[in-house]
Amino acid sequence: MAPSITRRAVGIGRAWWLAAWLCLIPPFYGPTAAAAQTGSLLGRLTDVLSGASISGARVRALDAEGSVAASALSGDDGGFILRGLRAGEYTVTVEAFGYVERERLRARVAPGVSELLSIALEPAPLPVARVVVSASRREEKILDAPAVVRVVRREQIEARPALTPAEQLRDAGADLARAGLVQANLVTRGFTNVFSGRALLLTDYRYAEVPSLALNAYHFLPVVDDDVDRIEVVHGPASAVYGPNTALGVVHIVTRSPFDAPGTSVSLLSGLRSAASPVRGSGLAAVDAGRGVGEFTVRHAGVLSPRWAYKVSGRLMRGGDWPSYDPVEDSARARAIAGGASPGQLRIGRRSFDIERWSGDARVDFRPRAGTEIVASAGVNESTNLGMTTLGYSQVEDWRYAYYQLRASHGGLFAQAFLNTSAAGSTYNLRTGVPTVDDSRVLAAQLQHTVQPVVWSRIVWGVDLRRTEPRTGGTINGRNEDDDIVDEAGVYAHTETRLGERFSVAGAFRLDHHSRLEEPVYSVRAGLTWQPQQGQSVRVFFNRAFEAPVPVNLFLDLVSADLGAFRLRALGVPEGGLPFRRDCTGGVGDLCMRSPWAPDRGAALPADAAGVWAGVMAALRALGGPDLTSIPAPPPGTVKSVLRKLDLGRGVFVDVGPDAVRDVPPLEPTITETIEAGYKGLIAHRVLVSANLHYTRKRAFLGSLTLQTPTVFFDRASLQAYLGNFVNAALAGAAATAIAGQSGSTTLRGVPAGNVVPEHALAGSPDLILSLRNHGDVDLWGGDVHADALLGDGFSVAARWAWVSRNLFPEVAIGPDTLALNAPESKVSVTGAWRAADGGAHAELGVRHNGGFAQNSGVYRGRVSSYTLLDASFGFILPFAEPVRLTVSAENLFDRRHREFVGAPELGRLLLTRLTWSF
């Protein structure tokens, strides 16, 4: 809403205010000759949104030459007096912290006359008065929202050239981890993964994750920066409003309506990243001279009539990512070439760091009458880039993502339906070279109605329906391809009721049905908000949220690596789980194994290496070891066996006991319960503070893909003793070491006899099985403080700090490691900015620090080191081409080399320059 500045006579309703001021005038002005030659301007300042008085504001009267003729500060009731003004015309300016700084109007002063002004100011871009829609699925001020909401505003987006929307969120208090120029993962309050969709991603109220995979791929979104109005980030659980998979927050990208923002903008972006010195798995350094990036975007919006408007946008982008290599890929590639594969045809390990992307988006708005709106939109994006997953990297080639959406609103009624589709193009897995097929789609429909039966209470209720249809051509979902559709339905209601002028209560309840879960799941939000005074709020809330298994958790079935004698296979958890047999007498712990050396690879054998003696001896000879095939198999019980699990992070086998073999039960939803207390308030119209403390408990936490199957090896000591009966002691020792291997060794891995695998049709082979499981309860404390301060003359400072009590949970074992938050315990950022009053120029300088953390995510395990980065940007309208704006940003200005995830490339400096022509 534009500022309202009017001059008017005092009506009956304001007579008391004028009388009070007239009582004050005589002592100041007295019946002097000077007073007869001068006049006064008096008035009152109010907030245009709330009507509240604005105190402490500087009001000035400027004469025709621009000199200050009079100056005053507004009082507690917003009143001010500019006195001693000679007859004539003046320009009145107002500077108030927390409000648009200079509001101007012309005022005429006559001798001996006191002119009355009423001035309403619009809040400046401190977000306290901003309207958001993501916390409660309806419009409300940030101050009234029952959750922590951060908003990245349009002016911030204009000031920071970025390649994806995720980069705009680095100061939003979330956990943002980048894996290159365009790939990034973001959640709030940790528990992230390298392939994450645990925060709900919305674009204009539409689910925007990649269908079936449930991946938040920000570079797949067909939206250009100039079309974004704001990005809202809701911290903490939101299942009571949105349903499953919102326990880690909501990211909502809201675009501009063509009615509100008509016109055309053309943008040219060019950038340069720093060079890198990556190391291949062979230990050889690869040469990288640094690569540029270029992008062209266009947006055009037009209003055809008071009822019809439209917009279209598009993007073309090319660039080169920071290089990185995977030793597992390199080893698999070397084996394949040694086996006769053509290097030019082989896809294993064939990485390309080229990034190519194009997208298009179109929208039509129809407003048949006041309060009614119908919006139809569609968009498509096609990308080529490296993609990091929990099973290693994929070479993404021409992956196409598209959506089709129709939504309508009338008064308190909102309805929408949309279809998201995916087509994987020529994408393939870099560890296996196997093509990836994904023609999945999601179809959803939603209805929501808001009613206000009484003035002090509001009720919002709604229904959500969603169908996910994975279509992976037998690649991602493998043998589950014909039985992998998931239907979900949810109903919800939430209410907000005011208890007098200061207190309000809010409650929400939601019930969700998932076609692959036995029982429906409920979510709850309940809390109390207290507003001690205007612009201040204190809240205490309880949330119960849940994460339901997504299709890839249930139906995944693919080979993720070829390890020679056997393969590494990733499996979702089927309906009955993955149990292990324990009735094979004579095996370690009476466990059963399957062996690649057995005549029948699918036969269940006792977990005893001696049972496949001939096959192991033949394998030893094939690997270049001594020929021991003439030695007879040892009698039962003569040579013992041990169990080891493959540590995928280090590539070594580690000793485990039989008790490490646990059945994988059917998946159940992860329940997140959070108690949160928070304060939000605007202090002295210049500082917005948000402080929050939360306690979170997660039950049945769903971990990432983890190796479930141990491998059977010979026990070295008993094997050496047996071999000593047939060969000399030196050969017996060397052969026993080569066959049995050594726990934790990268070179003495030994010859595996077989793998203890679950008893299920999907696991009926010697393959090592990666799968998921629900773990025990974990809990943690956390808090954050955000402060935004306006310093005057266009300067502002923003500070962010977030903390959690721990990011490792040793009570929960995930493979050879423990459950990890995959995020730092603390992070902090401070940003100083300046913006000219007319918006024509800006500058920004920020520093951010992320603490180090241990990572346990799929095949990527290790530690991420802490890092501190300096970012800068500036921009201005070119004086010789007024519609053209130049914006320059430097991310990681001092080129501090760092990784934000294990397995991701080492990131350095990124310089981006953007020219935008708007007309």
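Residues numbered from 1 in each chain as written. Predicted model: local features only at pLDDT ≥ 70, side-chain atom pairs only at ≥ 80, totals over all residues. Heavy atoms only, no water.

**Some details on the overall build of the protein chain**
Alright, step 1. A count of helices and strands for the protein chain gives 9 helices and 54 strands.
Alright, step 2. Here the C-alpha atoms of the protein chain give a radius of gyration of 33 Å, agreeing with the 29 Å that 2.2 N^0.38 yields for 919 residues.
Alright, step 3. For the protein chain, the proportion of its 919 residues judged to be buried stands at 56%.
Alright, step 4. Placing the 93 positive and 91 negative side-chain charges of the protein chain at their respective mean positions leaves the two points 3 Å apart. (Helix = DSSP H or I, 4+ residues; strand = E, 2+ residues; numbered from the N terminus. Rg over C-alpha atoms; globule rule 2.2 N^0.38 Å. Buried < 20%, exposed > 50% of the residue type's maximum accessible area, 1.4 Å probe, protein only. Lys, Arg positive; Asp, Glu negative; His and termini not counted. Charge placed at Lys NZ, Arg CZ, Asp CG, Glu CD.)

**Notes on the pattern of salt bridges**
Alright, step 1. Within this structure, the stated rule accounts for 53 salt bridges.
Alright, step 2. We note a salt bridge from Asp-557 to Arg-479, for which the minimum N-O separation is 2.8 Å. Of this pair, Asp-557 sits in strand S32 (residues 557-562) while Arg-479 is found in the loop between strand S27 (457-469) and strand S28 (486-499), placing the two residues 78 residues apart along the sequence.
Alright, step 3. Note on Arg-479: relative accessible area 47%, which makes it partly exposed.
Alright, step 4. Put simply, Arg-170, Arg-178, Arg-848, Asp-871 and Glu-891 are held in one network by salt bridges that share partners. (Salt bridge = Lys/Arg side-chain N within 4 Å of Asp/Glu carboxyl O.)

**Topic: the sheet that holds strand S15 (residues 206-207)**
Alright, step 1. Across the sheet, 5 strands lie side by side as S11-S16-S17-S14-S15; this open sheet has mixed pairing. At either end of the open sheet lies a strand with only one pairing partner, and these are strand S11 (148-153) and S15.
Alright, step 2. Two strands pair when backbone bridges link them, and strand S14 (residues 200-203) and strand S17 (residues 250-255) are joined in this way by 4 bridges, in the parallel orientation. Residue Thr-203 lies in a different strand from S17, and its bridge partner there is Ile-253. (Pairing = 2+ DSSP bridges.)

**Focus on the state of the cysteines**
Alright, step 1. Taken as a whole and judged by the stated rule, the model has 1 disulfide.
Alright, step 2. Covalent S-S linkage joins Cys-584 and Cys-592, the inter-sulfur distance amounting to 1.9 Å. Taking the torsion about the sulfur-sulfur bond, which here is approximately 100 degrees, the covalent link between Cys-584 and Cys-592 counts as right-handed. Each member of the pair, Cys-584 as well as Cys-592, carries the same accessibility label: buried. (Disulfide = S-S within 2.5 Å.)

**Focus on unusual backbone geometry**
Negative phi is the rule for most residues except glycine; trans is the rule for most peptide bonds.
Alright, step 1. Here the phi dihedral of Tyr-205 falls at roughly 75 degrees; this positive angle occurs in a residue that is not glycine.
Alright, step 2. Here Tyr-205 lies in the loop between S14 and S15.
Alright, step 3. Of note in the backbone geometry, Asn-892 takes a positive phi value of approximately 60 degrees without being a glycine.
Alright, step 4. Here Asn-892 is to be found in the loop between strand S53 (884-891) and strand S54 (910-918).
Alright, step 5. In this structure Asn-892 comes out as buried when scored by relative accessible area, which is 2%.

**Section: the pairing of S28**
Alright, step 1. Where S27 lies against S28, 12 bridges are found, and the strand directions are antiparallel. Bridge pairing in S28 places Ile-459 opposite Thr-495.
Alright, step 2. Sheet topology note: the S28/strand S29 (residues 503-514) ladder contains 12 bridges and is antiparallel. In the sheet register, Thr-495 faces S29, and the bridge partner there is Gly-507.
Alright, step 3. From the end of S28 to the start of S29, which pair antiparallel, there are 3 residues, and Gly-500 there has a positive phi angle of about 80 degrees.

**Digging into the packing of aromatic side chains**
Alright, step 1. The tally for this structure, following the rule as stated, stands at 19 aromatic pairs.
Alright, step 2. A ring pair is formed by Phe-503 and Trp-530, whose centres lie 6.2 Å apart and whose planes are at 15 degrees; its orientation type is stacked. Residue Phe-503 is located in strand S29, and its partner Trp-530 is located in strand S30 (residues 521-530); the two are separated by 27 residues in the primary sequence.
Alright, step 3. With a relative accessible area of 34%, Phe-503 lands in the partly exposed category.
Alright, step 4. A residue is classified by how much of its surface remains accessible, and Trp-530, at 37% relative accessible area, is partly exposed.
Alright, step 5. Judged by centre distance (5.6 Å) and plane angle (85 degrees), the rings of Trp-613 and Phe-714 are edge-to-face. One end of the pair, Trp-613, is in helix H7 (residues 613-622); the other, Phe-714, is in strand S41 (residues 711-714), with 101 residues separating them in the sequence.
Alright, step 6. According to the relative accessible area criterion, Trp-613 is buried, its value standing at 4%.
Alright, step 7. Its relative accessible area of 0% is what places Phe-714 among the buried residues.
Alright, step 8. Connected via pairs of aromatic rings, a cluster forms that spans Trp-613, Phe-714, Tyr-722 and Phe-726.
Alright, step 9. Its guanidinium or amino end placed over the ring of Tyr-393, Arg-351 lies 4.2 Å from that ring's centre, counting from NZ or CZ.
Alright, step 10. If you follow Arg-466 out to its NZ or CZ, it ends over the ring of Tyr-207, 4.0 Å from the centre. (Phe/Tyr/Trp six-rings, centres within 6.5 Å; stacked < 30°, edge-to-face > 60°. Lys NZ or Arg CZ within 6 Å of the ring centre and 35° of its normal.)

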